[in-house]
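Structural features, examined
This is what each chain is made of:
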Protein chains: 2
Amino acid sequence: MNGADLLCETLLANDIDVCFANPGTSEMHFVAALDRQPLMRCVLGLFEGVVTGAADGYARMADKPAATLLHLGPGLANGLANLHNARRARTPMVNVVGEHATYHLKYDAPLTSDIESLARPMSHWVGRATDADSVGKVTEDAIRAARKLPGGIATMILPADAAWTDTTSSDLPSVIVPEGSQPLDQAQIRAAAEALRNARNPTILVTGAALRDAPLRTLDRIAQITNARLMAQQSNGRMERGAGRVQLDRVPYVVEHAVAAFADTDLVVLVGAKAPVGFFAYPGKPSSMLTDNCQVMDLAEPGADIIAAIDALADETGPGATIEARLAKRWQPEPVRGKLTPEAIAVALAHHMPANAIICDESVSSGRDFFRSTYGAEPHDFLQLTGGAIGIGLPLATGAAIACPDRKVITLQADGSGMYTVQALWTQARERLDTLTIVFANRRYAILHGELRQVGAGTPGRNASRMLDLDDPHLDWVKMAGSMGVEAARAETAEAFADLLKTACAKRGPFLIEAVL
Amino acid sequence: MNGADLLCETLLANDIDVCFANPGTSEMHFVAALDRQPLMRCVLGLFEGVVTGAADGYARMADKPAATLLHLGPGLANGLANLHNARRARTPMVNVVGEHATYHLKYDAPLTSDIESLARPMSHWVGRATDADSVGKVTEDAIRAARKLPGGIATMILPADAAWTDTTSSDLPSVIVPEGSQPLDQAQIRAAAEALRNARNPTILVTGAALRDAPLRTLDRIAQITNARLMAQQSNGRMERGAGRVQLDRVPYVVEHAVAAFADTDLVVLVGAKAPVGFFAYPGKPSSMLTDNCQVMDLAEPGADIIAAIDALADETGPGATIEARLAKRWQPEPVRGKLTPEAIAVALAHHMPANAIICDESVSSGRDFFRSTYGAEPHDFLQLTGGAIGIGLPLATGAAIACPDRKVITLQADGSGMYTVQALWTQARERLDTLTIVFANRRYAILHGELRQVGAGTPGRNASRMLDLDDPHLDWVKMAGSMGVEAARAETAEAFADLLKTACAKRGPFLIEAVL
């Protein structure tokens, strides 16, 4: 058994059996080792941003990490933007980054670079094997770091000679005992309960594992008892919503709206969430969305079991057994006719998306209508762009579909960000995934047009227009999808879109609708 | 004038008038400032790998830096792989990376990351503006670092408030006095001349600015006088070659071939080059391509004027005025018929490519035939993948075509690496560039199949095949190009390819040929 075999065995022993990959020469012994492991599912991405984004989507839905295989510093670099998003979502992930053989590094061969410096900003943990025997321990550390609550990005560097050399020990790979969650601080929970009771206008702000059906019901009962507002963070890795689920708003994106939403709030209790701040800074606008008088408390520390903390808070705030959580009713907005707009798309989805769909939202400015139109849609999971690094929609859907082969995965994809990792369509075709992509083809970086107006730059001139518009020529998404083996069609009216959507939802396999807005 | 205006003015004052860009909200004041500068040409890339790769191609052909505009840490991260290549090519480049406003950083908004840690591995210089007044000085430092011989990657970080705040000084932007090159060490040059005269089998190994027509003629005369072999590094940023130019081999890629090429070499004089090492390490194979007995000498230090050093070496080695450089004659190989092979493509190019074409080579395994078939082709520039980070071909061609609008730019593009930054086709269409892309559609990572064989892994099984093959489905490059507004056609025989190539060379504008191998 060589180091690469030991790595594969350790991953499999710990229930990591999907590897999203784009290998190179320095990883060839790892590829050979994977080839000896039929239990490992290897999924090729034609660009590393697809690889890391898919690993993110997979783990969000499978509730366990995938591995990635990346080729040296540049391969890692290509995957960093989606690692950034995964880091913000607290997604568990084990990245294996190939490296030159240890003795080859001093020669500074063309592909040599400082992998640690690249990895650190987007990882919670970075480690490096030094030889074949160290691979087992480093892999275990990586898995432990990935699984540590609330989830982490673990990046391990695998020198080629550590992979190809035989190990001296014949010990079997270890099944890791997960690190225990940080014990709950009962005093902290009592303090939160006390503060909720005393506040005039409290908000309970939620993200992470607390956004599933059961904990949301508990939180809603707490909110009723304490007269608190229950709200989700602006961006969340995964949220269970729709008919039969607690109806939840998110912190608005636009600074003025967020400030207004918290103008009267005197207490925010954070349930895994961060205190709301501006996505960007603007001249003369605040960075914090809260007033100076607003008290902010964490329900529990980051490493704690947030579900247990919610249950403890429920015990502190009152029996609550007699109070029913308020759940959204099945409800459909009026169909929209005529011009195809983001709202028309949202309404059509509210009508036609099947139960238990997984929505991957990278619609940016176009998607703000989806949320309010679908409180009463069939129950679904809602996955977001958590770190603001565009190019996650198509990869995220790819990974989610691999985790949940029996569920329809629908991507709300802005055209500008869709181009970042468009290669994911090919992986969807190859893996025969049940993915439906809706491209919001407004043919511009619409959000930036809004931002340029805010700057007070007046009407965009030639340079600004040419940096913010995606026309001249416009992208043909039907051909684009077809070039990678994905069936596609175009809709230019609300009615045509609704028809296409209904058809696409009724059949399996990858499909793309170019919605011309 | 705000900090962003000062930045633009300083770039323009120093003859940097092309900005490859993909902006975001934090760069909106910079976009507005660029919009006030009609002399600045802003070129949008739909992914940052296109942006940095195009800036590389531009500078290689324009012999001056372009600027890039990148959106925060993730935008920089997306551009890092091609920055890695540019760093290896010693391309001058000024990257402007937007950053949150200084006072906003402590809030750790979603897009916050450690930009310096990301930038350092792929930059020769990293700096950060602290406020509007500092922008001028930081920009000057960046330009100076980019222009420092032999060329450098300068990455400056621009906080949004440094961009949007008015400057207090009304000084005009400075025209920078370039840093003088490091003075030549005459003793070092005499030592090299002496060693060349005394060696049994010396090689002069060349890269960088020495690979242009005139210095190569001088070097060839030196090689004749000293009975030395003249050779180019394996990968080079730019090389002038073809009929009427000095005929030069490169260090082979395959370790066994490189070792054989230097088996009898007792002296290597490096002219800007690095001593040859294996691109990768392999079990039981050496890292250095030279024997232990081979002496290695630098002709000059990295910061020196390499052209002056060559002239000085010519003076030391002898008058040479009576010796003519040996130049390649115009020569065409026999046309190939039948099956379309990499060789058939190379031969067709030797026949049909126009004078002064610019060849951007990212053909990886398929392109090894081009070099030997085209010693006697029309004179052309040959631009290579210098750092091994795939995904540079299409962006490189995009930048080269902007630098040289009157020259045909031909990209030899492997299909696997072409997918990495396929978005560059759109920029070629939008800018109406005279670019011709030849996709070597072998539908696999062919180089990795070879490497896997070397590992001794036997016939690839399911996992290995699915990581190394690009079939099921295969990519349709004609549709792909069409989706981005680039005309395209497919060739499946040598004759069809030659016909298509001839037609494509005779007309202007972006075109793509999918060569099915």
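Residues numbered from 1 in each chain as written. Chains lettered and ligands numbered in written order. Predicted model: local features only at pLDDT ≥ 70, side-chain atom pairs only at ≥ 80, totals over all residues. Heavy atoms only, no water.

**Notes on the overall build of chain A**
Inclusion rule: Numbering of helices and strands runs from the N terminus; a helix is a DSSP stretch of H or I covering at least four residues, while a strand is a stretch of E covering at least two. Note that the radius of gyration is over C-alpha atoms, with the globule rule given as 2.2 Å times the number of residues to the power 0.38. Only protein chains enter the accessibility calculation, which uses a 1.4 Å probe; a residue is then buried when its area is under 20% of its type maximum, exposed when over 50%, and partly exposed in between. Note on contacts: a residue pair qualifies if any of its non-hydrogen atoms lie within 4.5 Å across the two residues. For the area figures, the Shrake-Rupley method with a 1.4 Å probe applies, and any residue is considered shielded solely by the protein chains shown.
Along its length, chain A carries 20 helices and 18 strands. What you see for chain A is a C-alpha radius of gyration of 24 Å, in line with the 24 Å of a compact globule of 517 residues. Viewed in the frame of its principal axes, chain A has a C-alpha envelope of about 65 × 60 × 45 Å. When each of the 517 residues of chain A is scored for burial, the buried share is 66%. Put simply, 80% of the contacts in chain A that link residues at least 6 apart link residues at least 24 apart. For chain A, the accessible area works out to roughly 17300 Å², and carbon and sulfur atoms hold 50% of it.

**Side note on the interface of chain B and chain A**
Selection criterion: Put simply, buried area is the surface a 1.4 Å probe can reach on two separate parts but cannot reach once they are joined, added for both. We define a salt bridge as a contact between a side-chain nitrogen of Lys or Arg and a carboxyl oxygen of Asp or Glu at a distance within 4 Å. Distance and chemistry together define a polar contact, namely a pair of N or O atoms within 3.5 Å, with one atom able to donate a hydrogen and the other to accept it when in protein, and with adjacent residues in sequence counting only for side-chain atoms on both sides. Only Asp, Glu, Lys and Arg are considered charged, only Ala, Val, Leu, Ile, Met, Phe, Trp, Tyr, Cys and Pro nonpolar, and every remaining residue, Gly among them, polar.
Between chain B and chain A, the contact holds 102 residues from the first and 102 residues from the second. Together, the buried faces of chain B and chain A total about 8500 Å²; carbon and sulfur atoms form 63% of this surface. If you look at where chain B meets chain A, you find ten salt bridges. Residues B:Arg466 and A:Glu431 are paired through a salt bridge, measuring 3.2 Å at the closest nitrogen-oxygen approach. The interface formed by chain B and chain A holds 58 residue pairs in polar contact (both at pLDDT 80 or more) in total. When residues in the side of chain B that touches chain A are grouped by element, the largest group, nine residues, is from helix H4 (residues 72-89) of chain B. A breakdown of the residues in the side of chain B that touches chain A according to their chemical character gives 53 nonpolar, 29 polar and 20 charged.

**A short note on the environment of A:Lys274**
Relative to the assigned elements, A:Lys274 resides in the loop between strand E11 (267-271) and strand E12 (295-298). On the basis of relative accessible area, A:Lys274 is assigned to the partly exposed category, the value being 38%. The spacing of A:Lys274 and A:Met289 is 15 residues in sequence and 11 Å in space, taken between C-alpha atoms. Non-local contacts of A:Lys274, meaning those with residues more than four positions away in its chain, are made with A:Arg88, A:Leu205, A:Gln233, B:Tyr107 and B:Asp108. Polar side-chain contacts of A:Lys274 include one of 2.8 Å to the side chain of B:Asp108.

**Some thoughts on the domain arrangement of chain A**
Frequently, the measure chosen for interface size is the accessible area removed from exposure when the parts meet. All names here are of chain A. Keep this limit in mind: Domain start and stop points were drawn from an automatic or database domain assignment.
For chain A, the assigned domains read domain 1 (3-164), domain 2 (186-317) and domain 3 (342-516). If you average the C-alpha positions of domain 2 and of domain 3, the two centres end up 29 Å apart. Tallying the contact residues gives 20 residues for domain 2 and 21 residues for domain 3. Between domain 2 and domain 3, roughly 1800 Å² of surface is buried when both sides are summed, and carbon and sulfur atoms account for 42% of that area. It is Arg241, Ala243 and Arg250 that lose the most area in domain 2 upon contact with domain 3, and together they represent 33% of the buried surface on that side. At the junction of domain 2 and domain 3, the tally comes to one salt bridge. The partner of Asp381 in a salt bridge is Arg238, with the nearest N and O atoms 2.6 Å apart. Where domain 2 touches domain 3, the interface holds 13 residue pairs in polar contact (both at pLDDT 80 or more).

**So, the UniProt feature "domain: Thiamine pyrophosphate enzyme N-terminal TPP-binding" (unreviewed entry) in chain A**
Selection rule: UniProt positions are given in the numbering used here, feature names are shortened, and annotations may be inferred rather than shown by experiment.
In this structure's numbering, the residues bearing the UniProt feature "domain: Thiamine pyrophosphate enzyme N-terminal TPP-binding" (unreviewed entry) are residues 1-106 of chain A. Taken end to end, residues 1-106 of chain A is 49% helix and 18% strand, and its two terminal C-alpha atoms sit 27 Å from one another.

**Let's talk about the nonpolar core**
Considering soluble globular proteins, one finds that nonpolar side chains tend to be buried as a cluster. Quick note on the threshold: Residue types Ala, Val, Leu, Ile, Met, Phe, Trp, Tyr and Cys, when buried and joined through side-chain atoms within 4.5 Å, form a set referred to as a nonpolar core.
Core analysis: the biggest nonpolar cluster contains 123 residues, and A:Phe30, A:Leu34, A:Met484, B:Phe30, B:Leu34 and B:Met484 have the highest contact counts within it. Apart from residues lying up to four places away in sequence, B:Met484 is in contact with A:Met419, A:Pro473, A:Leu475, A:Met480, B:Val422, B:Gln423, B:Leu425, B:Trp426 and B:Ala429. With 72 residues, the next largest nonpolar core counts A:Leu433, B:Val18, B:Leu385 and B:Leu396 among its residues.

**Focus on the relation of the copies chain B and chain A**
Selection criterion: The atoms used to superpose the copies are C-alpha atoms, taken from residues with pLDDT of at least 70 in both, and the fit is least squares.
By a simple turn and slide, chain B fits onto chain A: the slide is 0.0 Å along the axis, the RMSD is 0.0 Å, and the turn is 180°. In the structure described here, the two chain copies are related by an operation that fits a two-fold rotation axis. An overlap of 100% is found between the interface residues of chain B and their copies at the interface of chain A, pointing to a shared contact surface.

**Some details on the UniProt feature "domain: Thiamine pyrophosphate enzyme TPP-binding" (unreviewed entry) in chain A**
As recorded in UniProt, the sites labelled "domain: Thiamine pyrophosphate enzyme TPP-binding" (unreviewed entry) are residues 385-514 of chain A. What you have in residues 385-514 of chain A is 45% helix and 17% strand, and the ends, taken at the C-alpha atoms, are 21 Å apart.

**Observations regarding the sheet that holds strand E7 (residues 202-206) of chain B**
Residues and elements named next belong to chain B. To be explicit about the condition: Each pair of strands is called paired provided DSSP finds at least two bridges between the two strands.
A sheet is described by the order of its strands in space; here five strands give the open sequence E10-E8-E7-E11-E12, paired in parallel fashion. Strand pairing shows two members of the sheet lacking a second neighbour, strand E10 (249-250) and strand E12 (295-298), which therefore form its edges. Sheet analysis places E7 next to strand E11 (residues 267-271), joined by five bridges and oriented parallel. Within E11, the residue paired with Pro202 across the bridge is Leu267.

**Concerning the pattern of salt bridges**
All names here are of chain B. Enumeration according to the criterion identifies 67 salt bridges over all chains in this entry. Taking the shortest distance from any N to any O, the salt bridge between Arg60 and Asp56 comes out at 2.9 Å. Taken as a pair, Arg60 and Asp56 lie in helix H3 (residues 48-62) at a separation of four residues, close to a single helical turn. Of the residues examined, Arg60 reaches a relative accessible area of 5% and is grouped as buried.

**Observations concerning the packing of aromatic side chains**
Worth spelling out the cut-off: Two aromatic rings from Phe, Tyr or Trp, using only the six-membered ring of Trp, form a pair when their centres are within 6.5 Å; if the ring planes differ by under 30 degrees the pair is stacked, by over 60 it is edge-to-face, and anything between is tilted.
Inspection of every chain in the model, using the stated rule, returns 15 aromatic pairs over all chains. On the basis of an interplanar angle of 90° and a centroid distance of 5.4 Å, the ring pair of A:Phe47 and B:Phe47 is categorised as edge-to-face. Placement of A:Phe47 in the loop between strand E2 (41-44) and helix H3 (48-62) and of B:Phe47 in the loop between strand E2 (41-44) and H3 is noted, with the two residues assigned to different chains. The same class applies to A:Phe47 as to B:Phe47, namely buried. Look at B:Phe20 and B:Tyr58: their rings are 6.0 Å apart centre to centre, the planes differ by 65°, and that puts the pair in the edge-to-face class.

**Details of helix H11 (residues 306-317) of chain A**
Residue and element names in this part refer to chain A. This is how it is decided: What a helix is expected to span follows from its residue count: subtract one and scale by 1.5 Å.
Helix length check: H11 (twelve residues) gives 16 Å between terminal C-alpha atoms against 16 Å at 1.5 Å per residue, within 8%. Where H11 is buried, its residues meet helix H8 (186-198), helix H9 (213-226) and E11. Among the residues of H11, the N-terminal cap falls to Asp305, whose side-chain oxygen and the backbone nitrogen of Ile307 are separated by 3.1 Å. Within two residues after H11, Gly318 carries a phi angle of roughly 145°, on the positive side.

**Let's talk about unusual backbone geometry**
Note: most residues except glycine have negative phi, and most peptide bonds are trans. Of note, the bond from A:Asp472 into A:Pro473 is cis; its omega dihedral lies within 30 degrees of zero at -5°. With respect to the helices, strands and loops of the structure, A:Pro473 is situated in the loop between helix H18 (462-468) and helix H19 (477-483). Residue B:Leu72 is not a glycine yet carries a positive backbone phi of 55°. Along the chain, B:Leu72 turns up in helix H4. In the Ramachandran plot, B:Asp472 falls in the positive-phi region, its phi being about 55° despite a non-glycine side chain. Along the chain, the position of B:Asp472 falls in the loop between helix H18 (462-468) and helix H19 (477-483).

**Things to note about the pairing of strand E5 (residues 125-128) of chain B**
Residue and element names in this part refer to chain B. Which entries qualify depends on this criterion: If the strands point away from the viewer and the path from the first strand over the helix to the second runs clockwise, then the crossover is right-handed.
Looking at chain direction, E5 and strand E6 (residues 153-159) are connected through four bridges and run parallel. Following the sheet pairing, Gly127 is matched in E6 by Met156. Traced from E5 through helix H6 (residues 134-147) to E6, the parallel crossover comes out right-handed.

**A closer look at the packing of helix H17 (residues 446-455) of chain A against helix H2 (residues 28-35) of chain B**
Note the following rule: Orientation is described by axes fitted as lines to C-alpha atoms, over the contacting stretch for helices, and by angles from 0 to 180 degrees between their N-to-C directions. Any angle that is under 35 degrees is reported as roughly parallel, and any over 145 degrees as roughly antiparallel; angles of 65 to 115 degrees are reported as roughly perpendicular and all others as oblique.
One can describe the packing of H17(A) onto H2(B) by two numbers: an axis separation of 9 Å at closest approach and a directional angle of 75°. Taken together, H17(A) and H2(B) sit at an angle that is classed as roughly perpendicular. On H2(B), the residues that touch A:Leu448, A:Glu451, A:Leu452 and A:Val455 of H17(A) are B:Met28, B:His29, B:Val31 and B:Ala32. Grouping the constituent residues of the contact of H17(A) with H2(B) by class yields six nonpolar, one polar and one charged.

**Regarding the environment of A:Phe47**
Overall, the relative accessible area of 1% leaves A:Phe47 in the buried class. Distance from A:Phe47 to A:Ala21, taken between C-alpha atoms, is 9.0 Å for residues 26 residues apart in sequence.

**A closer look at the side chain of B:Ser123**
All names here are of chain B. Among the structural elements, Ser123 can be located in the loop between helix H5 (115-119) and E5. Owing to a relative accessible area of 12%, Ser123 belongs among the buried residues under this scheme. In terms of polar contacts, Ser123 uses its side chain to reach the backbone carbonyl oxygen of Ala119, at 2.8 Å. Within the structure, the side chain of Ser123 is placed 2.8 Å from the side chain of Thr155, a separation counted as a polar contact.

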